[in-house]
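# A look at the structure
Now for the letters of each chain:
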Amino acid sequence: MLIVMRTDATREQVDAVCALVRELGGDPRPQLDPQPAVAVGGLQIPLPVERIGRLDGVAECIDDATAPRLVGRGRRPQRTVVRVKGESIGAGGLAIIAGPCAVESREQVLRTAEAVAACGVKWFRGGAFKPRTSPYAFQGLGEEGLRLLEEVSSRFNLRIVTEAKDVASLGAVGQVADVIQIGSRNMYNYSLLEAAGRLNRPVLLKRGMSATVHEWFSSAEYLLAAGNGDVILCERGIRTFETVTRNTLDLAGAILARERTHLPVVADPSHAVGVAAAVPAAALAAAAAGLDGVMIEVHPDPRAALSDGPQAVEPETFVRLVERLRRVHAAASGH
Ligand code: PEP
Ligand code: MN
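Note that the structure is a prediction, hence the values are computed from the model and not measured.

### Section: the overall build of the protein chain
If you tally the helices and strands in the protein chain, you get 11 helices and 14 strands. What you see for the protein chain is a C-alpha radius of gyration of 21 Å, in line with the 20 Å of a compact globule of 335 residues. Considering only C-alpha atoms, the protein chain reaches an extent of 65 × 40 × 40 Å along its principal axes. Considering the protein chain as a whole, with its 335 residues, one finds that 55% of them fall into the buried category. Counted over contacts in the protein chain with a minimum sequence separation of 6, partners at least 24 positions apart contribute 69%.

Okay, here's the thing in structure tokens:
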């Protein structure tokens, strides 16, 4: 269990929590950074959460009921940092992942990658295998799309995030992806999660469009239980009664996911909002909320996009957004 203290908790309040834990037969390990907390080891029996919660300065008790055992912070207070080729997600910076919804052509993907890399962004997204709602819609370039992503990676030194649509495409995607994306529609695909969990590649796990935060945690638990600890959670909007936006960005759910698990959490305002004009403000809100990154769809000619054009921002808008994201992140993290 991890007893998270309020940020303004005093040393005496932390000491009082430790004293109670000791009295109950546990082994308290206080920590002050990044937030005061007391990790509890050495106990076979559950702690009386309500009694601890009544002590001054206690914010939250995180145990296996708050989040599953492997993804929850209860047993692992230190945060997971996903590292790829000298860059990291979850180490305190704001990772910006950008690129088109789908890889459509060599020209489209290279133009986008050039614009993305020119503003110092290190992560490129683009789907080669696209899970589409309609069987008649563009399904992605498949293997040919992966070859184009390889070219992007080597020409622009960008780390590639691309989706594995099913177990069949996982092997090929895993050869090219620096981070394998598991999409919203596949969050409940437990065979895909188990197979991706056996690979030695980071996974970006999108929240199912109708999944609760706890179901999302459970899917992440599948990856960790299969042996893959390099998992990034991605909030991409949930389906609600609202239709003015494509989905509803559940920023509060993402904030709590970061609070209750040790995994990095990023937001995808493009799919959450679905309207290009509103994507920058939603991305800035995610940065202000202290999330570990944002994933933004960028297209050189959104009107001609073969998927998700209405939510794609143009490169010029993206460049300005990156500057603002950096300023907001710096202000929010006190740097
Ligand atoms: C995507 O990232 O283009 C995508 C298909 O996202 P989601 O799985 O969140 O719908
Ligand atoms: Mn998309």
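Here the narrative resumes, following the displayed structure.
### Regarding the site of ligand 1
In the region of ligand 1, the neighbouring residues are Cys101, Arg125, Lys130, Glu163, Gln181, Gly183, Ser184, Arg185, Lys206, Arg236, His271 and Glu297. Within the side chain of Arg236, one N or O atom sits 2.7 Å away from an oxygen atom of ligand 1. Here Glu297 contributes a side-chain N or O atom positioned 3.3 Å from an oxygen atom of ligand 1. Coverage of ligand 1 by the protein amounts to 97% of the 290 Å² it exposes when considered alone. Looking at the shell around ligand 1, its residues break down into one nonpolar, four polar and seven charged.

### With respect to helix H10 (residues 279-288)
Across the 10 residues of H10, seven count as buried, placing the element largely inside the fold. Among the residues of H10, Val279, Pro280, Ala282, Ala283, Leu284, Ala286 and Ala287 are the ones counted as buried. A positive phi of about 85° marks Gly290, the residue just after H10.

### Comments concerning the domain arrangement of the protein chain
Domain boundaries in the protein chain define domain 1 (2-62) and domain 2 (82-333). The centre of domain 1, based on its C-alpha atoms, is set 36 Å off from the matching centre of domain 2.

### Some remarks on the coordination of the manganese ion (ligand 2)
Taken together, Cys101 (SG), His271 (NE2), Glu297 (OE) and Asp308 (OD) make up the full set of protein donors to the manganese ion (ligand 2), lying 2.0 to 2.4 Å away. Binding-site remark: the manganese ion (ligand 2) is held by donors from one chain whose sequence spacing is C-x169-H-x25-E-x10-D. Taken together, the positions of Cys101 in the loop between strand E7 (95-99) and helix H3 (106-118) and Glu297 in strand E14 (residues 293-297) put the pair 196 residues apart, joining distant regions of the chain. For Glu297, a relative accessible area of 1% puts it in the buried group.

### A short note on the nonpolar core
Residues Phe124, Leu205, Leu233, Ile296, Phe318 and Leu325 are the most contacted members of the largest nonpolar core, which totals 69 residues. The contacts of Leu325, once residues within four sequence positions are left out, are Leu94, Ile96, Ala283, Leu284, Ala287 and Val294. Judged by nonpolar contacts, the second largest core, of 15 residues, contains Val17, Cys18, Val38 and Val40.

About the criteria used
Along each chain, residues carry numbers from 1 onward, in the same order as the chain's sequence is written. Labels are handed out in written order, letters beginning with A for the chains and numbers beginning with 1 for the ligands. It should be noted that, the model being predicted, local features are given only for residues of pLDDT at least 70 and side-chain atom pairs only at 80 or more, the latter also being counted only at that level, while totals for whole chains, interfaces and linings use all residues. Hydrogens are left out, water is left out, and the side-chain values use all remaining heavy atoms of the structure. Strands are runs of DSSP state E lasting at least 2 residues, helices are runs of H or I lasting at least 4, and numbering of each runs from the N terminus. Here the globule rule is a power law, 2.2 Å times the number of residues to the power 0.38, and the radius of gyration is based on C-alpha atoms. Buried, partly exposed and exposed residues are distinguished by accessible area as a fraction of the type maximum, computed with a 1.4 Å probe on protein chains only: under 20%, between the cut-offs, and over 50%, respectively. Residues are treated as being in contact if the distance between any of their heavy atoms lies within 4.5 Å. Summary of the distance rule: residues count as near a molecule or strand when at least one heavy atom falls within 4 Å of that molecule or strand. Two N or O atoms count as a polar contact when they lie within 3.5 Å, although within protein this holds only if one can serve as hydrogen donor and the other as acceptor, and sequence-adjacent residues are included solely when both atoms are side-chain atoms. What sets the accessible areas is the Shrake-Rupley method with a 1.4 Å probe; for residues, cover comes only from the shown protein chains. Residue classes follow a fixed rule: Ala, Val, Leu, Ile, Met, Phe, Trp, Tyr, Cys and Pro count as nonpolar, while Asp, Glu, Lys and Arg count as charged, and any other residue, Gly among them, counts as polar. In this document the domain limits rely on a domain assignment from an automatic tool or a database. Donor atoms are limited to N, O and S found within 2.8 Å of the metal ion, a distance that becomes 3.2 Å for Na, K and Ca. With water left out, some sites might look partial. As used here, the term nonpolar core means buried Ala, Val, Leu, Ile, Met, Phe, Trp, Tyr and Cys residues forming a set that is joined through side-chain atoms within 4.5 Å.

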